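Fold and geometry: a report
Below are the chains, spelled out letter by letter.
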Amino acid sequence: MTSSGIRDIPLNTLDGKPTSLSELAAGATLVVNVASKCGLTPQYTALEKLAEDYRGRGLTVVGVPCNQFMGQEPGTADEIAEFCSSTYGVTFPLLEKTDVNGADRHPLFAELTKAPDAAGEAGDVQWNFEKFLVSPDGEVVNRFRPRTEPDAAEVIEAIEAVLPD
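Below: a short report on this structure. Quick caveat: nothing in here was measured; it's all calculated off a predicted structure. (Residues numbered from 1 in each chain as written. Predicted model: local features only at pLDDT ≥ 70, side-chain atom pairs only at ≥ 80, totals over all residues. Heavy atoms only, no water.)

Hydrogen bonds between backbone atoms are what pair the strands of a sheet, whose relative direction is either parallel or antiparallel. Pairing within the open sheet is mixed, and its four strands lie in the order 4-3-5-6. The open sheet has two edge strands with one neighbour each: strand 4 (59-65) and strand 6 (140-144). On average, adjacent strands in this sheet sit at an angle of 20 degrees to one another, irrespective of strand direction. As paired elements, strand 5 (residues 131-134) and strand 6 share four bridges and run antiparallel to each other. (Pairing = 2+ DSSP bridges. Helix = DSSP H or I, 4+ residues; strand = E, 2+ residues; numbered from the N terminus. Axes fitted to C-alpha atoms, helices over the stretch in contact; angles between N-to-C directions.)

Once that is clear, we can look at the nonpolar core. L30, L59, V61, F92 and I159 are the most contacted members of the largest nonpolar core, which has 29 residues in total. Elements supplying a minimum of two residues to this core: strand 3 (28-34), helix 2 (43-54), strand 4, helix 3 (77-88) and helix 5 (153-162). Of all the elements, helix 2 adds the most residues to this core, at five residues. In contact with V61, not counting residues within four places along its chain, are L30, L47, L50, A51, F92 and P93. Counting residues in hydrophobic clusters, the runner-up holds 17 residues, among them V62, F69, V100 and F132. (Core = buried A, V, L, I, M, F, W, Y, C linked by side-chain atoms within 4.5 Å. Buried < 20%, exposed > 50% of the residue type's maximum accessible area, 1.4 Å probe, protein only. Contact = heavy atoms within 4.5 Å.)

A few words on the pairing of strand 3. Counting buried positions along strand 3 gives seven out of seven residues, so the element sits mostly inside the fold. Burial along strand 3 is two-sided: A28, L30, V32 and V34 and T29, V31 and N33, pointing in opposite directions, are all buried. Relative to strand 4, strand 3 is paired through seven bridges, and the arrangement is parallel. If you follow V34 over to strand 4, its bridge partner there is P65. Remark: the strand 3/helix 2/strand 4 crossover connection has right-handed handedness. Pairing analysis gives four bridges linking strand 3 to strand 5, with the strands arranged antiparallel. Residue pairing in the sheet places T29 in a bridge with V134 of strand 5. (Right-handed = clockwise from strand over helix to strand, strands pointing away.)

Once that is clear, we can look at helix 2. Relative to the 16 Å expected for twelve residues at 1.5 Å per residue, helix 2 spans 16 Å between its end C-alpha atoms, a close match to the ideal helical length. Within the span of helix 2, buried status applies to Q43, Y44, A46, L47, E48, L50, A51 and Y54. Where helix 2 is buried, its residues meet strand 3, strand 4, helix 3, strand 5 and helix 5. (Expected span 1.5 Å × (residues − 1).)

A few words on the packing of aromatic side chains. Taken as a whole and assessed by the stated rule, the structure comprises six aromatic pairs. For the pair F83 and Y88, a centre-to-centre distance of 5.8 Å together with 65 degrees between the ring planes defines the contact as edge-to-face. For F83, a relative accessible area of 23% gives the class partly exposed. Cluster of aromatic residues (ring-pair linked, three or more members): Y44, F83, Y88, F92 and F129. (Phe/Tyr/Trp six-rings, centres within 6.5 Å; stacked < 30°, edge-to-face > 60°.)

This is how it looks when you write it as structure tokens:
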């Protein structure tokens, strides 16, 4: 797949409307598989702050609900939207609930999971809140494992490196 091709993979918003990363984000994108009932769910706070702080510079955070890890995202689209909005004030786009691993892995995650993390490991998403940084030209430039906080220095440095000055 061409590097810009990842930005054109068909997706659906949480409310079922067709979209793509190209439509959601003109610049860099931080794609995160999310869940409402996970020990890492408080990362929504830092993700929302990143979205707010860097929106004006061309970063879009995109949350992708996933129920593959111990059933930690059991809700309907409406329940997920309500939880994210009322509990964490999420304003960034959320996609429909998606499989990130296995036979039904979404094509977006088939591409994202080819990217290695800092230790050089590619492959399956380990858990909720794995983060993939996609540059404006569609290259997956960084992968951060679930326990890496969204506001960790290495995440901020990676974001800064792909945004215009």
